[in-house]
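Spelled out from the first residue to the last, the chains are:
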Amino acid sequence: MIVLKFGGTSVGDASAIQRLVDVVELATADAPLVVVSAMTRVTNSLLDLDALLTSDEYAEAERLRRELQHRHEQTAAALKVAGWVVGDLLASFEELAELIRVFPPVADLARRDRIAGFGELWSSLLVTGASEAKGLAASWFDARTVMHTDSHFGAAIPDEPAIRTAVARDLAPRIGAGQVVVTQGFIGRNAAGAPTTLGRGGSDFSAALFGAALGASRVEIWTDVDGLMSADPRVVPDARLLSHATYDEAAELAAFGAKVLHPATQLPLVEAGIPIVIRNTFAPEKPGTWIGAESLDDGSLPVRSISFKPGVTIVQIRAARMLGAYGFLRRIFEVFERHEIVVDVLASSEVSVSLTIDDGTQLAAVVHDLGAIGEVTVKPGRGVVAVVGRAIRETPGIAARVYSAIADVNVEMISQGASASNLTFIVAEANGPQVVRALHQAFFPEFE
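An account of the accompanying structure is given in this report.

About the thresholds
Residues numbered from 1 in each chain as written. Predicted model: local features only at pLDDT ≥ 70, side-chain atom pairs only at ≥ 80, totals over all residues. Heavy atoms only, no water. Helix = DSSP H or I, 4+ residues; strand = E, 2+ residues; numbered from the N terminus. Contact = heavy atoms within 4.5 Å. Phe/Tyr/Trp six-rings, centres within 6.5 Å; stacked < 30°, edge-to-face > 60°. Buried < 20%, exposed > 50% of the residue type's maximum accessible area, 1.4 Å probe, protein only. Lys NZ or Arg CZ within 6 Å of the ring centre and 35° of its normal. Pairing = 2+ DSSP bridges. Axes fitted to C-alpha atoms, helices over the stretch in contact; angles between N-to-C directions. Parallel < 35°, antiparallel > 145°, perpendicular 65-115°, else oblique. Nonpolar A, V, L, I, M, F, W, Y, C, P; charged D, E, K, R; others polar. 1 Å grid on protein atoms, 1.4 Å probe; cavity = no way out; pocket = protein on both sides within 12 Å on 5 of 7 lines; lining within 4 Å. Points joined across faces, edges and corners; volume = space filled by probe spheres on them.

## Notes on the side chain of Lys5
Tracing the sequence through the fold places Lys5 in strand β1 (residues 2-6). Among all residues touching Lys5, those that are not within four sequence positions of it are Val35, Ser37, Ser203, Asp204, Ala207, Glu220, Ile221 and Trp222.

This is how it looks when you write it as structure tokens:
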């Protein structure tokens, strides 16, 4: 049994969905569970719709809903899906119309999750219908019945024991050789039955959770790129495909800018040793990247990839009076916890701490609270560069080669972190592409 997860571009229109079904048809002997994202840009439109409700712009929200309905109806017609699919689509769009009519014009995170999750419901109906039209024995399954989460709307945390129990009881019996079960990523429900979402990119995470609960032989992530690369090919056109990578390498790349994989994807799969394969829906003949516990390459390239994440802000806190005092870091992180801000990179000394964040929505409040601890400096417009590889910390000369390659660029923070597989530093956002190209030339000269 395998899990096939398809991202937004893989369900972006009727032709993309037909390519998806071709991939699924070839995998029917493996009893696939198909997990899909919303169609391209649909989730963004739904979030815009929710914002319009908050602003009391109900007519504009309804106009946007009708646009989404028209797009999905057109796609259904092009795919020649059965009448039940069209009926279920129309019923779902009418449910959204009713929500628009009854919701009050106030910000509501639970409402936002309920609205944001419609995209996956619609796309999964289209994929089920297209699979049926292809002659496959396809059935639709509501992921919310088994994807149990907490109530942290917008970034809900899955309850893995509850998911395993529910999947074994309700989902596993429906999967068998020759059968194609189609479900949704990204969405779940809390203990009270309210819809939740796992956060942006959470469909990968959903697929991994399903794969772990089902004991799948592998989880395949189908997207619009060939796999993990030695750098972003938009920055380095000659970037090489990584045929294999470890869980740790993939996690580091995902955390620091590589958008191919959700950072949490490998977590449910590591203990079970279930591999992840990244494939390109638009080039299914290519092998992609195989991700597992052990590396299968020859180890001749200690640096495997260079990633860059723009849009980062440095926050520096300095408090000379804290020299020799305990509790300095605890007080700082309590502020970030209170405002639910995730910290990416950290460098510290006895009297100062520098860290990075990429969510600036609560920055003013964070700076205000940190002011009670020490002097605060904020530097926006930065980017995180991560050099990812195998045993970088134990490999002599790696750091020297890195900083020699970018000697003419100002590096503002350096962090090796707890992982032995990455070296991370902060530069001005405008210098990011230059830094990535210089590092790629230094470590992959034969590919330039």
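## Remarks on the packing of aromatic side chains
What the rule picks out here adds up to four aromatic pairs. An angle of 25 degrees between the planes, with centres 6.0 Å apart, marks the rings of Phe6 and Trp222 as stacked. With Phe6 in strand β1 and Trp222 in strand β7 (residues 218-223), this residue pair connects regions lying 216 residues apart in the sequence. The residues Phe6 and Trp222 share a single accessibility class, namely buried. Through pairs of rings, three or more aromatic residues link up here, namely Phe93, Phe118 and Trp122. For Arg111, the ring lying beneath its charged end belongs to Phe103, and the centroid distance is 5.8 Å.

## Overview of the sheet that holds strand β11 (residues 303-318)
Taken in spatial order, the six strands line up as β12-β13-β11-β14-β16-β15 in an open sheet, and their pairing is antiparallel. Each end of this open sheet is capped by a strand with a single partner; those strands are β12 (346-348) and β15 (413-415). This sheet shows a mean twist of 25 degrees between the axes of neighbouring strands, independent of strand direction. Pairing of β15 with strand β16 (residues 422-428) involves three bridges; the strand directions are antiparallel. What sits directly across from Ser415, in β16, is Thr424. Packing of helix α11 (residues 328-338) onto the sheet brings it into contact with β11, β12 and β13 (352-357), and relative to β13 it is tilted by some 25 degrees. Running at roughly 140 degrees to β11, helix α14 (residues 432-443) makes contact with β11, β14 (375-389) and β16 of the sheet.

## Thoughts on the packing of helix α3 (residues 58-79) against helix α6 (residues 118-133)
The packing of two helices is summarised by the inter-axis angle and the distance between the axes. Remark: α3 packs on α6, axes separated minimally by 10 Å, with the N-to-C direction vectors making an angle of 10 degrees. Here α3 is positioned roughly parallel relative to α6, judged by the angle of their axes. Touching Leu68, His72, Thr75, Ala76 and Leu79 of α3 are Trp122, Leu126, Ala130 and Ala133, all from α6. Taken together, the residues of the contact of α3 with α6 sort by class into seven nonpolar, two polar and no charged.

## Here's the deal with the layout of surface pockets
Size it by volume and the second largest pocket reaches roughly 190 Å³. Taken together, Glu160, Ile163, Arg164, Leu209, Ala212, Ala213, Leu267, Pro268, Glu271 and Ala272 make up the lining of the second largest pocket. Secondary-structure elements contributing two or more residues to the lining of the second largest pocket are α7 (160-171), α8 (202-214) and α10 (267-270). Looking at the lining of the second largest pocket, its residues break down into seven nonpolar, no polar and three charged.

From the geometry alone we can't say anything about function, so treat these as descriptive.
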